[in-house]
Amino acid sequence: MKMISFFRLWLAVCLFAVSTVSSAGIIWESTDGDSNFLSVSFSSPFPTGDTLGLFSATATVLDSTSLLYSFSGVGSFATSSPFKLGLLTSSGWVGEDANYNLVGNTYLLSFTKPGLTNTLSLLYGFDIKPAANQDPVSSVPLPASVWLMTSALLGFLYAGRNKSNLVA
């Protein structure tokens, strides 16, 4: 019985780890080599003082080691390499929660500040688009292996449960 509870705990930890890894931010790229950004708050159309940053596309964690460029309010960045976007909050950098394609290569991105009353920050991105390759680091499809392993572990747990019911 202790073995079954150990497997359940192990399965929960593995699924949590995989869900955290697979929820990385979107990788963006410039359409013409010069991307422009405008940060506005939800309640005001004027540029905000929020600090936003562009990070390396291969960054697994948004932090100062992978920061390429940072700006407040209005920014312009000339690059031909892909990048990720982040917002600096009191608890560190956070990635975008959602994005909406307005017209052509113009996107509206939203960021959520954790633990604050006014939690929504908006960023207009001009001349950007989602990169064609959203996972440049891994070439093996992770979710397929996770689902196969999960179904096998659940099968073992169910088979072990039936044996214990028959013995009792």
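Below, the structure is looked at part by part. For clarity, every value in this text was computed on a predicted model and none was experimentally measured.

Here we look at the packing of aromatic side chains
Consideration 1: A full pass over the atoms with the stated rule returns 7 aromatic pairs.
Consideration 2: Ring geometry for Trp28 versus Tyr107: centroids 5.0 Å apart, planes at 65 degrees, classification edge-to-face. Here Trp28 is found in strand β1 (residues 28–30), whereas its partner Tyr107 is found in strand β9 (residues 106–112), with 79 residues between them in sequence. By the burial criterion, Trp28 is buried, and Tyr107 matches it.
Consideration 3: Measuring from ring centre to ring centre gives 5.1 Å for Tyr69 and Phe77, while their planes differ by 20 degrees; the resulting arrangement is stacked.
Consideration 4: By relative accessible area, which is 23% here, Tyr69 ends up partly exposed.

Points about a nonpolar patch on the surface
Consideration 1: A surface patch of nonpolar side chains, about 330 Å² in accessible area, is lined by Tyr100, Leu102 and Val103.
Consideration 2: When its relative accessible area of 36% is taken as the criterion, Leu102 is described as partly exposed.

Considering the pairing of strand β5 (residues 74–78)
Consideration 1: Covered by surrounding structure in β5 are Gly75 and Phe77 only, the residues Val74, Ser76 and Ala78 on the alternate face being uncovered.
Consideration 2: Alignment of strand β2 (residues 34–41) against β5, held across 5 bridges, turns out to be antiparallel. Following the sheet pairing, Asn36 is matched in β5 by Ser76.

The rules we used
Residues numbered from 1 in each chain as written. Predicted model: local features only at pLDDT ≥ 70, side-chain atom pairs only at ≥ 80, totals over all residues. Heavy atoms only, no water. Phe/Tyr/Trp six-rings, centres within 6.5 Å; stacked < 30°, edge-to-face > 60°. Helix = DSSP H or I, 4+ residues; strand = E, 2+ residues; numbered from the N terminus. Buried < 20%, exposed > 50% of the residue type's maximum accessible area, 1.4 Å probe, protein only. Patch = residues over 30% accessible without salt bridge, like charges linked within 9 Å, V, L, I, M, F, W, Y side chains within 5 Å. Areas by Shrake-Rupley, 256 points an atom, 1.4 Å probe, with all protein chains shown as cover. Salt bridge = Lys/Arg side-chain N within 4 Å of Asp/Glu carboxyl O. Pairing = 2+ DSSP bridges.

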